[in-house]
Amino acid sequence: MKLGTFITICVVFSGGAIADELTVDMMDLGTGQSTGTVTIASSEYGTVFTPNLKGLPAGAHGFHIHANGSCESSEKEGKTVLGGAAGGHYDPENTGKHGFPWTHDNHLGDLPALYVNADGMAQQPVLAPRVALDDVKGRALMIHAGGDNHSDHPAKLGGGGARIVCGVIK
């Protein structure tokens, strides 16, 4: 094999890999400080969200793709909502229903729970089997204060709580 052929193959391969992976800078909505990144990559089983985050409260957290590509605050009923400009969970089929990441009659933006260890770090990947990279571009990735039961009962949207960390997927 000639050296020129090898270089061409390497360039084509690395070019393809870049298109199959996105990195999102995540920000604490209360302080504006960076909490790290989440890498989003395609796999044969769906889309993998791999966090490299620090400084978060320990435990399970609601983790969702939101409809709008903004992490700005908004006003609702006279109160400031941190990350409110991100809108609701991404729901292109207008199901109006919160559910599991693998079911088809709910928000496409419903992801598996994000787990944060006792040291405040999240590094465990989660798999979203119905989501493709094209679905997430231009949207917000949100972490909520509490866990998520993937249901609208007993509380709407899984009972996840306030929006605490956000990043725009570019």
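Going by the structure above, here's the rest.
Residues numbered from 1 in each chain as written. Predicted model: local features only at pLDDT ≥ 70, side-chain atom pairs only at ≥ 80, totals over all residues. Heavy atoms only, no water.

Attention shifts here to the packing of aromatic side chains. In total, this model carries two aromatic pairs according to the counting rule given. Look at F49 and F63: their rings are 6.1 Å apart centre to centre, the planes differ by 80 degrees, and that puts the pair in the edge-to-face class. Highlighted residues: F49 in strand 3 (residues 46–53) and F63 in strand 5 (residues 63–66), separated in sequence by 14 residues. The class of F49 is buried, set by a relative accessible area of 0%. Ring geometry for F100 against W102: centres 4.8 Å apart, planes inclined by 20 degrees, an arrangement best described as stacked. With a relative accessible area of 34%, F100 lands in the partly exposed category. For W102, a relative accessible area of 54% translates into the label exposed. (Phe/Tyr/Trp six-rings, centres within 6.5 Å; stacked < 30°, edge-to-face > 60°. Helix = DSSP H or I, 4+ residues; strand = E, 2+ residues; numbered from the N terminus. Buried < 20%, exposed > 50% of the residue type's maximum accessible area, 1.4 Å probe, protein only.)

Right, let's talk about the environment of E44 for a bit. On the secondary structure map, E44 appears in the loop between strand 2 (34–43) and strand 3. The class of E44 is exposed, set by a relative accessible area of 71%. C-alpha separation for the pair E44 and P129, spaced 85 residues apart in sequence, amounts to 9.1 Å.

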